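# Structure at a glance
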Amino acid sequence: MLIFRWVDRLVVLFLVAVPAVAQSPPPIADRVDTPLLPTGITELPIELNAQLVHVFKDGDGGDALHCIGDFVLTLGDGDAQQLRASEAVIWLTNREYQGRPYRHLQMLLWRNVEVYELAGTVTAAPALFVTVSSFGTITTHADDVALSPPSGTLDTEIYRQGNTIRTALASGTFRPTAATALFGIFDPTGLGKDRRKKEAPRPVIHFQSGHLIMDNANGRRVITMTGGIYLSRGIPASSTFLEIQADAAVVFFAPDEDTPGLAPPPGAGLGGASRAGSRAAPPTQSPLTKAPDRDVADRQLMATGFGDVVVEGAYLEGDVRMSQGSNVIRASRLYYDFQNERALLLDAVVRTVLPGRKLPLFVRAAEIRQLSAQEFSATDAMLTTSEFHTPHYHVGAHKVELINRTPRDPGGDTGGVRAGSFRIRHATLNLAGHPIAYWPFIRGDIDSSETSIKSSRVGFSNDFGVETETEWHLFNVLGFKTPSGFDASLSLDFFSERGPAVGVDADYKRDRYFGEIKSYLMTDNDEDKLGRKREPVSRKDVRGRLLLRHRQYLDDDWQVSLELSYISDRNFLEEFFESEFDNDKEQETLLHLKKQRENWALSILLQSRVLDFRTQTERLPDLAYHLVGQPLGAWGTWFSENRLGVVRFRPADQTFRELLRNGRQFGSGSTARIDTRQEVTIPLNVGAWRVVPFAVGRISAWDDSPRHGGLARGLGMVGVRGSTYLSKVYPDYRSTMFDLDGIRHIVKPDIVAWVSEANQDANDLFPFDDTVERIADTDGVMIGVRQRWQTKRGADETRRVVDFMTHDLEVGFFNDAGGKETTNGFTSFSRPENSVSHNYINSSLIWRVNDRTAVLSELNYDINDGEVDVLNVSVSVERTPRFSYLLGYRFIEESNSNLLGFDINYRMSEKHTLAVRELFDLQRGRTLDFTVALIRRFPGWYGAVSFELDEAEDDFGVSFALWPEGLPQAALGSRRFTGLANTTRIRAD
């Protein structure tokens, strides 16, 4: 019954007041005689993945691939658009458009085909023929590769079917139509179109009753049943099997239907009804065409169980119970039109299970209507996960309207509401029967993977006071349809010690462009507290930020990138968006135009410093040309890098304390610069080694410098790179203690050595770029050994090959080793002049003792100072579902950091879980950061309280969290520990 599929998703919408994004599915159901072909050629790369790939020539001599096992085609970076199937045959053709080469792919996808679109819509089919063209790169990943067709012959069913379609396309038999998707897709089986045209079969209803009366009502044949009613439709034990029970019912026959017989079926005795599904013996004469004695007929009907009758509709009342799969509806009255898929339920209570969450959810409504197979509405609805008649919490709405546009799978079932649109009027969030939030009108699209409110947080800290942060789907809140490929959110925050704040963030990705927008604006009434030794910042009434990043792909291989960044003050990002401040790309304002084709690229960069508290180089503009891997006959390869432009170094504005501590920092005027780097390599095979001698020449010139005016610099370098692979297998080695089943040891030694000379020192130049002005003419050598130990782990279908231990060891030596005092030694394998010339030894180890225990370590030893600069050691143990912990030690010499930390998650009982985080400063003998949290499980809900102490920023806070079971993203409060509701596994916070 379709109303159940609607309820599965509708309840999620009500819980969070706004659903999320979806998009129209690609048209996969057209017949072969009207295939959809692509309207253009994409710039996006294509990635092909499968377990086994056969590479061969097809019958016409072209290239072909036969991919077997978990085939996945990804269009673009990440998982934006994907095609999946059990098997696929791909024909590749080289073509050209306006002098620019591209690849044209024709594919037949076979069995279990799924199309994943940008917004998450999934469309399924038994088989699809797909065409796509791309200027981008095409890469293939497979566990095994065979250079021949399967079984050594092209005579396979999938190849024949695909080749037949290709031949028809080439001959012009098919008339292509316009397509709106990147993929040209049609269904070679024709099942999709047949399914859309085919009318739904008229239902066959099995029913039982204690007392039945047959009669005519307004020319329509009806059966009135009392004394306990049971009706069913479909195949028992299937997910679509429908059962209805009630105290009384009226069943309406279609006007042209014959009336079922009245003779009792075999095994039915007087005074009892037969089992559902039994078939009545055909009568010699219908009781409605020849009326029998009424008393005799009634007695006979009481003893009769009807089977296999076709009806038009049914009205039921009195403790109505309707079930389908795990979904149950109770109502006082129900009318169902089986032929038109319409239903009306009054005073209804729906119990369903949220898909993917295994969480019961209850819907109470004065009226629920199923207007058609795809349209639904509910009036005066109440949704909650509480089974109580008067729940402690619920989401209410005056009216909800839903249109289901989920495409059917090859079996004809929609599998629930995954795509469509909705309207909600007068939505409220209620606690203890009192509304605490209201929104008059919500309109948007549905996607099963998202919910309406992205996140919410309530807490307290010494720095911000009472913190209230909420994030909403922007387009849904505004009542607009979400554009395909877009995701936007609205932030509404309030901090009692600071003030209110609002922000809008957006991410988007389409065929020809992608980008992001971040904005935040607030009033601030207090000072930042970023540490006891940090200089205090004066108050600013209005603070905020704006970030725009956009990339557009143009014709003829051009692309343009735009970045715009504004931040009100130097501490704003660190105070309010610390993770972005620590880890994300530098905030810049620039315009970058680039043309890239094959192995060369031409770019023009215009950059201006807008943030006066940042040290940056302006480019007014800077032109660059790169040539990578150009063959020089059969003996060598040429790499070229060239720059020409005007640059200006602008140091950050200094505070008085910074001026006293660091001295005055001077910038430069507009400086003309030219720089060219040329490298030639000669790859050689020396035994098992790949040896690559190389020579580099570099010439640079500037019309200004800090002390000497115009300068020119020449740098020359010669060296050699080398690497090889060694491996050995120990198939008979077994260890139960360390979970080892055979060992494969892989060793990759590599080495680079070089000598260089320059006529100018880097300190005599303005530091425009680290890779140009700051390069050093140091001689050096690096020797490295990368090792992997592999074994088999897991049982049955989870059996797999894993790296149970990896160890990388690297040693670097430099003549005249000095480098920056605050930087560890480093060797650049591809560009040795960019190395940091501290003699060093570096070691990195990962040991996966088993699937639940891992040991990790990293060490960097500075040979110049004779000291360990970096040492990290940690042990992670996961004994889920009860207990997990992580113990780690970190030492960083240059920042005087000597820390011991541990994380513990412990499920004390079915209701209580404890989480502890501790970071202890061994150097100062005090706690740097401490958090303890207690998670409590309630019926249908989880609650958490946590205490946090941050000695680094002299701050403390208390956070409270409350979230529905199965919906951690709808948490009221901190979401840091919501994951502990289901597992005690240690995760990154």
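The structure displayed is predicted, hence computed values, not measured ones.

Let us look at the overall build of the protein chain. Check the secondary structure of the protein chain and you find 8 helices and 48 strands. The buried share of the protein chain, taken over its 989 residues, is 45%. In the form shown here, the protein chain has an accessible surface area of approximately 47,900 Å², with 55% of it arising from carbon and sulfur atoms.

Here the structure, examined in full by the defined rule, presents 49 salt bridges. One salt bridge in this structure joins arginine 498 and glutamate 575, with 2.7 Å as the shortest N-O distance. Pair noted here: arginine 498 is in the loop between β22 (486-495) and β23 (499-509) and glutamate 575 is in helix α6 (residues 572-576), with a separation of 77 residues, a long-range link. Its relative accessible area of 0% is what places arginine 498 among the buried residues. Assessed through its relative accessible area of 9%, glutamate 575 is described here as buried. A salt bridge links aspartate 739 to arginine 793, with the shortest nitrogen-to-oxygen separation between them at 3.5 Å. Placement of aspartate 739 in the loop between β35 (726-735) and β36 (740-758) and of arginine 793 in strand β37 (residues 780-793) is noted, with a sequence separation of 54 residues between them.

To continue, consider the side chain of glutamate 87. Within the element layout of this structure, glutamate 87 appears in strand β3 (residues 81-97). Of the polar contacts made by the side chain of glutamate 87, one reaches the side chain of histidine 66; its length is 2.6 Å. Apart from the residues within four sequence positions on either side, glutamate 87 is in contact with His66, Cys67, Ile68, Leu108, Leu109, Trp110, Arg111 and Ile158.

Here we come to the environment of valine 868. Its place among the elements puts valine 868 in strand β41 (residues 867-879). Residues valine 868 and asparagine 842 lie 26 residues apart in sequence; the distance between their C-alpha atoms is 9.9 Å. For valine 868, the residues in contact, after removing those within four places along its chain, are Leu859, Asn860, Tyr861, Phe891 and Glu893.

Take the nonpolar core next. Among the nonpolar cores identified, the biggest contains 32 residues, and Ile244, Leu316 and Leu345 are the most heavily contacted of them. Contributing elements (two or more residues each) for this core: β8 (204-217), β9 (220-233), β10 (242-252), β12 (313-324), β13 (327-337), β14 (342-354), β15 (359-370) and β16 (375-384). Considering each element in turn, this core owes the most residues, 5 residues, to β10. Counting residues in each nonpolar core, the second largest holds 24 residues, with Leu44, Ala85, Met107 and Val113 among its members.

This paragraph deals with a negative patch on the surface. A cluster of acidic residues, Glu757, Asp761, Asp777 and Asp816, forms a negative patch at the surface. Along the chain, aspartate 816 falls in the loop between β38 (800-814) and β39 (840-850). Overall, aspartate 816 belongs to the exposed group, its relative accessible area being 73%.

Turning to its location among the elements, serine 670 is positioned in the loop between α8 (656-662) and β31 (671-681). Along the backbone, serine 670 and glutamate 618 are 52 residues apart, and their C-alpha atoms lie at a distance of 8.7 Å. Residues in contact with serine 670, not counting those within four places in the same chain, are Leu620, Val646, Val647, Arg648 and Asp703.

What follows deals with the packing of aromatic side chains. Working definition: an aromatic ring pair is given by the centre-to-centre distance plus the angle between the planes. One pass over the full model with this rule turns up 20 aromatic pairs. Where phenylalanine 252 meets tyrosine 335, the ring centres are 6.4 Å apart and the plane angle is 65 degrees; that geometry is what we call edge-to-face. Separated by 83 residues along the polypeptide, phenylalanine 252 in strand β10 and tyrosine 335 in strand β13 bring together distant segments of the chain. Residue classification places phenylalanine 252 among the partly exposed positions, given a relative accessible area of 22%. Residue classification places tyrosine 335 among the partly exposed residues on the basis of a relative accessible area of 31%. Centroid distance phenylalanine 464 to phenylalanine 495: 5.4 Å. Interplanar angle 45 degrees. Geometry classified as tilted.

To continue, consider unusual backbone geometry. With an omega of -5 degrees, the peptide bond between leucine 620 and proline 621 qualifies as cis. Take proline 621: it is sitting in strand β29 (residues 616-632). With a phi angle near 55 degrees, asparagine 112 is a residue other than glycine that sits in the positive phi range. Secondary-structure assignment places asparagine 112 in strand β4 (residues 100-116). The phi torsion at aspartate 739 lies on the positive side, around 55 degrees, for a residue other than glycine. Owing to a relative accessible area of 30%, aspartate 739 belongs among the partly exposed residues under this scheme.

This next bit is on the pairing of β37. As paired elements, β36 and β37 share 11 bridges and run antiparallel to each other. Each bridged residue has a counterpart across the sheet, and for arginine 744 the counterpart in β37 is glutamine 790. Bridge count for β37 against β38 is 14 bridges, and the pairing is antiparallel. Considered in β38, the bridge of glycine 784 is made with glutamate 810. Linking β37 to β38, which pair antiparallel, is a turn of 6 residues; within it glycine 794 sits at a positive phi near 100 degrees.

Another point: the side chain of asparagine 842. For asparagine 842, the location among the structural elements is in strand β39. A polar atom in the side chain of asparagine 842 sits 3.5 Å from the backbone oxygen of leucine 859. Here asparagine 842 is in contact with Asp808, Leu809, Glu810, Glu858, Leu859 and Asn860, once residues within four sequence places are set aside.

Tracing the chain through its elements places histidine 394 in strand β17 (residues 393-404). With relative accessibility at 12%, the residue histidine 394 sits in the buried group. Separated by 38 residues in sequence, histidine 394 and alanine 432 have C-alpha atoms that sit 8.5 Å apart. In contact with histidine 394, not counting residues within four places along its chain, are Met382, Leu383, Thr384, Thr428, Leu429 and Asn430.

Right, let's get into the confidence of the model for the protein chain. Low-pLDDT portions of the prediction should not be read for the details of their coordinates. Summarising the model, the protein chain shows a mean pLDDT of 76, and 73% of its residues fall at 70 or more. The low-confidence segment residues 175-202 (pLDDT under 50) makes 81 contacts with residues lying over four places distant or belonging to another chain. Note on residues 257-308: pLDDT is under 50 here. Beyond four places in sequence and across chains, it has 77 contacts.

With that settled, consider helix α2 (residues 157-171). The terminal C-alpha atoms of α2, which comprises 15 residues, lie 21 Å apart, in line with the 21 Å expected from a rise of 1.5 Å per residue. Along α2, the residues that are buried comprise Ile158, Tyr159, Gly162, Ile165, Arg166, Ala168 and Leu169.

Our next topic: a nonpolar patch on the surface. There is a patch of nonpolar side chains on the surface, built from Trp635, Ile682, Leu684, Val686, Trp689, Ile751 and Ile783 and spanning about 610 Å² of accessible area. Structurally, valine 686 can be placed in strand β32 (residues 684-686).

Quick notes on the rules
- Residues numbered from 1 in each chain as written.
- Predicted model: local features only at pLDDT ≥ 70, side-chain atom pairs only at ≥ 80, totals over all residues.
- Heavy atoms only, no water.
- Helix = DSSP H or I, 4+ residues; strand = E, 2+ residues; numbered from the N terminus.
- Buried < 20%, exposed > 50% of the residue type's maximum accessible area, 1.4 Å probe, protein only.
- Areas by Shrake-Rupley, 256 points an atom, 1.4 Å probe, with all protein chains shown as cover.
- Salt bridge = Lys/Arg side-chain N within 4 Å of Asp/Glu carboxyl O.
- Polar contact = N/O pair within 3.5 Å; in protein donor to acceptor, adjacent residues only side chain to side chain.
- Contact = heavy atoms within 4.5 Å.
- Core = buried A, V, L, I, M, F, W, Y, C linked by side-chain atoms within 4.5 Å.
- Patch = residues over 30% accessible without salt bridge, like charges linked within 9 Å, V, L, I, M, F, W, Y side chains within 5 Å.
- Lys, Arg positive; Asp, Glu negative; His and termini not counted.
- Charge placed at Lys NZ, Arg CZ, Asp CG, Glu CD.
- Phe/Tyr/Trp six-rings, centres within 6.5 Å; stacked < 30°, edge-to-face > 60°.
- Pairing = 2+ DSSP bridges.
- pLDDT = per-residue confidence, 0-100.
- Expected span 1.5 Å × (residues − 1).

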